[in-house]
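Residue strings, one per chain:
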Amino acid sequence: MIDRAARHLVVEGVVQGVGFRPFVHRLAGRYGLAGWVRNTGSGVEALIEGDGEQIDEFLNALIANPPPLAHITALHVVERPSTDVSAFTIVASETTGGTQAIPADVALCGDCRRELYDPADRRYRHPFINCTNCGPRYSIVEGLPYDRERTTMRRFTMCAACRREYKDPGSRRFHAEPIACPNCGPRLKIVEPSGEALEDHALARARRLLGEGKIVALKSIGGYHLACDAYDDGAVKRLRAWKERGDKPLAIMVRDEIELSHVAGVTPAELALLESPAHPVVLVEQRPSGRLSRHINPNVATIGIMLPYTPLHLLLIDETAGIPVPASLVMTSANRSGGPMITADDIALRTLFEIADGVLTFDRPIATRIDDSVSQVVAGEEVLLRRARGYAPLPLSLPFPVPPLLACGADMKSTFCLATGERAVLSSYVGDLLQYDVFREYEATIERLCALMQIEPEIVCYDLHPEYWSRRFAERRYPDRQQMAIQHHHAHVAACMADRNLAGPVIGIAFDGTGYGEDGHIWGGEFLLAGYASFERAAHFEYVPMYGGEAAIREPWRMALAYLRAAGIAWDERLAPVRALTAEKRAVLEMQAERGIAAPLTSSVGRLFDAVAALLDVCQRVTYDAQAAIELETLADPALHAAYDFAVHDGSPRRINVFPAIRGIVEDLDRRTPMRVIAARFHETIVAIVRRVCSLLRADCGLNDVVLSGGVFQNKKLASDVATSLALAGFSVHRHRAVPANDGGIAYGQAAIVSARLKGAR
Ligand code: ZN
Ligand code: ZN
Ligand code: FE
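Rules behind the numbers
- Residues numbered from 1 in each chain as written.
- Chains lettered and ligands numbered in written order.
- Predicted model: local features only at pLDDT ≥ 70, side-chain atom pairs only at ≥ 80, totals over all residues.
- Heavy atoms only, no water.
- Helix = DSSP H or I, 4+ residues; strand = E, 2+ residues; numbered from the N terminus.
- Rg over C-alpha atoms; globule rule 2.2 N^0.38 Å.
- Buried < 20%, exposed > 50% of the residue type's maximum accessible area, 1.4 Å probe, protein only.
- Contact = heavy atoms within 4.5 Å.
- Areas by Shrake-Rupley, 256 points an atom, 1.4 Å probe, with all protein chains shown as cover.
- Lys, Arg positive; Asp, Glu negative; His and termini not counted.
- Charge placed at Lys NZ, Arg CZ, Asp CG, Glu CD.
- Donors = N, O, S within 2.8 Å, 3.2 Å for Na, K, Ca; no water.
- 1 Å grid on protein atoms, 1.4 Å probe; cavity = no way out; pocket = protein on both sides within 12 Å on 5 of 7 lines; lining within 4 Å.
- Points joined across faces, edges and corners; volume = space filled by probe spheres on them.
- Nonpolar A, V, L, I, M, F, W, Y, C, P; charged D, E, K, R; others polar.
- Phe/Tyr/Trp six-rings, centres within 6.5 Å; stacked < 30°, edge-to-face > 60°.
- Lys NZ or Arg CZ within 6 Å of the ring centre and 35° of its normal.
- Pairing = 2+ DSSP bridges.
- Core = buried A, V, L, I, M, F, W, Y, C linked by side-chain atoms within 4.5 Å.
- Axes fitted to C-alpha atoms, helices over the stretch in contact; angles between N-to-C directions.
- Arc of directions from axis to C-beta.
- Tetrahedral: all angles 85-135°; square planar, octahedral: opposite > 155°, others 65-115°.
- Domains from an automatic or database assignment.
- Salt bridge = Lys/Arg side-chain N within 4 Å of Asp/Glu carboxyl O.

**Notes on the overall build of the protein**
Summing up its helical and strand segments, the protein has 23 helices and 30 strands in all. Against the compact-globule benchmark of 27 Å for 762 residues, the protein has a radius of gyration of 27 Å, which places it among compact chains. Overall, the C-alpha framework of the protein stretches about 90 × 65 × 50 Å when taken along its three principal axes. Looking at the 762 residues of the protein, the share that counts as buried comes to 60%. Counting only contacts in the protein whose residues sit at least 6 apart along the sequence, the fraction spanning at least 24 positions is 71%. Here the protein displays about 28,600 Å² of accessible surface, and carbon together with sulfur accounts for 50% of that area. Of the side chains in the protein, 84 bear a positive and 92 a negative charge, and the two mean positions are spaced by 2 Å.

Laid out in structure tokens, this is it:
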């Protein structure tokens, strides 16, 4: 006799927009089970009926082999009385209650790519081909649960053929919400500066423009890009000038692996990352012999590369269309210096002809702006630098459960974090809040994500800095909620701890540009003994003045002068940062130095890198964040060189004195030691400092786990050299992984800290 049973399942995690319901449907078929499955506000719910043993087998298979993009965080199973249903069906979504994971956008999959190039397929060369395993997701979502009628695809009525696939459990497109074909999908067009629009041959026209060295604006997944031939100096220069972004490197999109091998040396781990479902921009070693325009990434040895991630990109750049097109395109977000990427068609068509000779667009609206993600591989592991398309807003977990919470992040590379229970959603990269339109975007994105996730924050936390825009926003928008201010570097360290699932306490190293300290000074060269709930500042770099305050961030020579003075070295004309001064400015600075006017104190390692870059005359003015440090890293000789002298003074906290190193650098300059050797010795000095201080702290407190956080650790050479050196000294070293080490990770760290503090309070 058959043991007839029934089980009710609730599956949580990333289970919508990833083909989970069809997967459950197929699996039920395989084990001869009946019942139903549906999307709910909090995930996927199913009722499974049939032979008890078969149900167990079904559950095992469900856990062992979910769809490739699914991520199950919880599976709740409850017994139910059986009802003798005989079929298995997918039923309408339940729209109320709960917070479910929002799926991230996914790059074109291999199956769709094959169909795209199959002349017999009805979607042959269709620029909007997608399936349950690929295509737009977060960028088209207008509401949850994730169903077509709550995406920007709702305006397109499926044709009979698409509808059949959508309803067929055996099809790769069973409930693929953005399903489309040439008969019923979005339509491509290119608009010319005259206003004339071309639907047929729009792609051919775009390819021709690119081939002629023109600039084309094109609509991608999360916004508009500007594209041009990456080999054409004139075009790249024109694009860079319009973007007003100084020397900040531009990303490129390369046609395929062959072109990739021409422009860069890529490791297997880097290639895997380039081809991963997220298809981020990956920073890789550029081939010095290549012919790419030198205006793409001045004075930098790495280049940001991505592979085509939409069928439209692929059709634009591939070789098979008859009209020659550049094999590498500069592909940069369509906005002026740091503003939000343009997403609206009317704004694109109104503003982009200033620079573009054609706008390649289509009629599927973008619901949510999302930038390209930026990633790199350090010591064989992915380290995200900008968490956006393909990653956000996939959920992360928190060390402890929280009531509905908003963490407001930092003002630079801003992101925010919404959390409830143990689940945290870190927003995608928003930008620098000092720009008014970015700040507006920040406010709007918080409201939109709160509405999507149905979260009304009960607790709001933000950076300790009293003048941060993110903090002012929170104080104004949520005056009656519980508020907490979190120290910046504690948030950095907690972000890395939570990213790596560490229980703590740890020796937390946070090296960055600026962060407000508890003593009112600007911190940034910090060794913290840190748990989630609290920290103790155990050591820091000796304070030096920032002459001119914020101006010192843009003009590294100011930091060099401060370090020279602190090291007891006269401001002599033989030194590059002194030569960068006019007599007038010099008089003002000497006066400021004497009286300590307009000179906040800082322990920032980012600013120390600036000072050394200026001493070496690598960079006297920066036009983008961390430029001096990146150019100094580029310069450094990879061979091993001796560190300069430094001292660590006892005390609580201990103080790190690098003035002997500054004297060493000036002596090396006088001796005409090659710059690349000085740059390498300076890096080696920071490595030696870290090892010495960690050893002292281990002797003090017995901690052996070291966490590396803060934007300075985006320096690949420093991050890997520090990790190697600490590992040799017996430390367990932990770096960031899914959450950026820079200020883009602050919001997540704030949420982790609050989760621990609330737990302590109960
Ligand atoms: Zn696909
Ligand atoms: Zn169709
Ligand atoms: Fe920071």
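**Things to note about the environment of R21**
Positionally, R21 belongs in helix α1 (residues 20-30). A relative accessible area of 5% means that R21 is categorised as buried. For the pair R21 and A583, spaced 562 residues apart in sequence, the C-alpha separation works out to 73 Å.

**Observations concerning the coordination of the zinc ion (ligand 1)**
The coordination sphere of the zinc ion (ligand 1), as far as protein atoms go, consists of C109 (SG), C112 (SG), C131 (SG) and C134 (SG), spread over 2.3 Å. Taken in sequence order, the residues that donate to the zinc ion (ligand 1) follow the motif C-x2-C-x18-C-x2-C. One end of the pair, C112, is in helix α3 (residues 110-116); the other, C134, is in the loop between α3 and α4 (160-167), and 22 residues separate them in sequence. Side by side, C112 and C134 carry an identical accessibility label, which is buried.

**Points about the layout of surface pockets**
In this approach a probe as big as a water molecule rolls over the atoms, and the regions it shows empty are the leftover space. In this structure, the second largest pocket encloses a volume near 960 Å³. Together, 35 residues line the second largest pocket, and V14, H71, L394, P395 and L396 are the ones closest to its centre. Contributions of two or more residues to the lining of the second largest pocket are made by β4 (71-80), β17 (381-386), β18 (396-407), β19 (417-426) and α13 (488-499). The element contributing the most residues to the lining of the second largest pocket is β19, with four residues. Residues of the lining of the second largest pocket, tallied by class, amount to 18 nonpolar, 10 polar and seven charged.

**So, the packing of aromatic side chains**
This structure, assessed with the given rule, holds 14 aromatic pairs. Ring geometry for F128 against F362: centres 4.8 Å apart, planes inclined by 70°, an arrangement best described as edge-to-face. Taken together, the residues F128 in the loop between α3 and α4 and F362 in strand β15 (residues 358-362) connect sequence positions 234 residues apart. The ring of W523 has R537 sitting right over it, with the charged end atom 3.7 Å from the ring centre. Just above the ring of F731 sits the side chain of R698; from NZ or CZ to the centre is 3.7 Å.

**Some details on the pairing of β15**
Among the five residues in β15, five count as buried, and that is most of the element. Side chains G358, L360 and F362 project from β15 onto one buried face, and the interleaved V359 and T361 project onto a second face that is buried too. Sheet topology note: the strand β6 (residues 188-191)/β15 ladder contains four bridges and is antiparallel. Counted as the bridge partner of I190 is L360 from β15.

**Observations concerning the nonpolar core**
Within the largest apolar cluster, 79 residues are counted, with the highest numbers of intra-cluster contacts made by F511, F527, F541 and L564. Among residues more than four places away in sequence, those in contact with F541 are F511, G525, F527, S603, V605, L608, I656, V658, I686 and I689. Residues L396, A491, V493 and A756 belong to the second largest nonpolar core, which totals 41 residues.

**Looking at the sheet that holds strand β3 (residues 43-51)**
Spatially, the five strands line up as an open sheet ordered β4-β1-β3-β2-β5, and their pairing is mixed. Looking at strand neighbours, the two that pair on one side only are β4 and β5 (88-90), the edges of this open sheet. Each strand of the sheet is rotated relative to its neighbour by a mean of 15°, with strand direction disregarded. Relative to β4, strand β1 (residues 4-14) is paired through nine bridges, and the arrangement is antiparallel. Within the sheet, the bridge partner assigned to L9 lies in β4 and is V77.

**Section: the sheet that holds β19**
If you walk across this open sheet you meet the four strands as β19-β18-β20-β21, and the pairing is mixed. The open sheet has two free edges, formed respectively by β19 and β21 (482-486), since each of these has just one partner strand. Pairwise comparison of adjacent strand axes, ignoring direction, gives a mean angle of 55° for this sheet. Summarising the sheet, strand β20 (residues 459-463) and β21 pair through five bridges and their orientation is parallel. Residue V460 lies in a different strand from β21, and its bridge partner there is Q483. Its contacts with the sheet put helix α12 (residues 469-477) on β18, β20 and β21, and the angle it makes with β20 is roughly 155°.

**Comments concerning α4**
At 3.6 residues per turn, the α-helix brings residues three or four places apart onto the same side. Among all positions in α4, only C162, E165 and Y166 are buried. The buried residues of α4 all sit within an arc of 100° when viewed along its axis, so they share a single face. Facing away from the buried side of α4 by more than 90 degrees, the exposed set consists of A160, R164 and K167.

**Comments concerning the coordination of the zinc ion (ligand 2)**
At this site the zinc ion (ligand 2) is bound by C159 (SG), C162 (SG), C181 (SG) and C184 (SG), with donor distances of 2.2 to 2.3 Å. If you look at the zinc ion (ligand 2), its four donor atoms make angles of 104 to 117° with each other, and the shape they trace is tetrahedral. Counting along the primary sequence, the residues that act as donors to the zinc ion (ligand 2) give the motif C-x2-C-x18-C-x2-C. Separated by 19 residues along the polypeptide, C162 in helix α4 and C181 in the loop between α4 and β6 bring together distant segments of the chain.

**Concerning the environment of A5**
Positionally, A5 belongs in strand β1. Distance in space between the C-alpha atoms of A5 and R80 is 7.5 Å, their sequence separation being 75 residues. Not counting the four nearest positions on each side in its chain, A5 is found in contact with I48, E49, G50, G52, I55 and S82.

**Re the domain arrangement of the protein**
Assigned domains of the protein: these are domain 1 (4-90), domain 2 (188-362), domain 3 (393-500 + 745-759) and domain 4 (507-735). On a C-alpha basis, the centres of domain 1 and domain 2 stand 43 Å from each other.

**Thoughts on the pattern of salt bridges**
When the charged atoms of two side chains with opposite charge come close together, those side chains can pair. By the definition in use, this model includes 55 salt bridges. Between E165 and R173 there is a salt bridge; the shortest N-O distance is 3.4 Å. Taking relative accessible area as the criterion, R173 reaches 3% and is therefore assigned buried. Its salt-bridge partner being D668, residue R681 comes within 2.9 Å of it at the nearest N-O pair. Highlighted residues: R681 in helix α21 (residues 675-701) and D668 in helix α20 (residues 659-670), separated in sequence by 13 residues. A residue is classified by how much of its surface remains accessible, and D668, at 2% relative accessible area, is buried.

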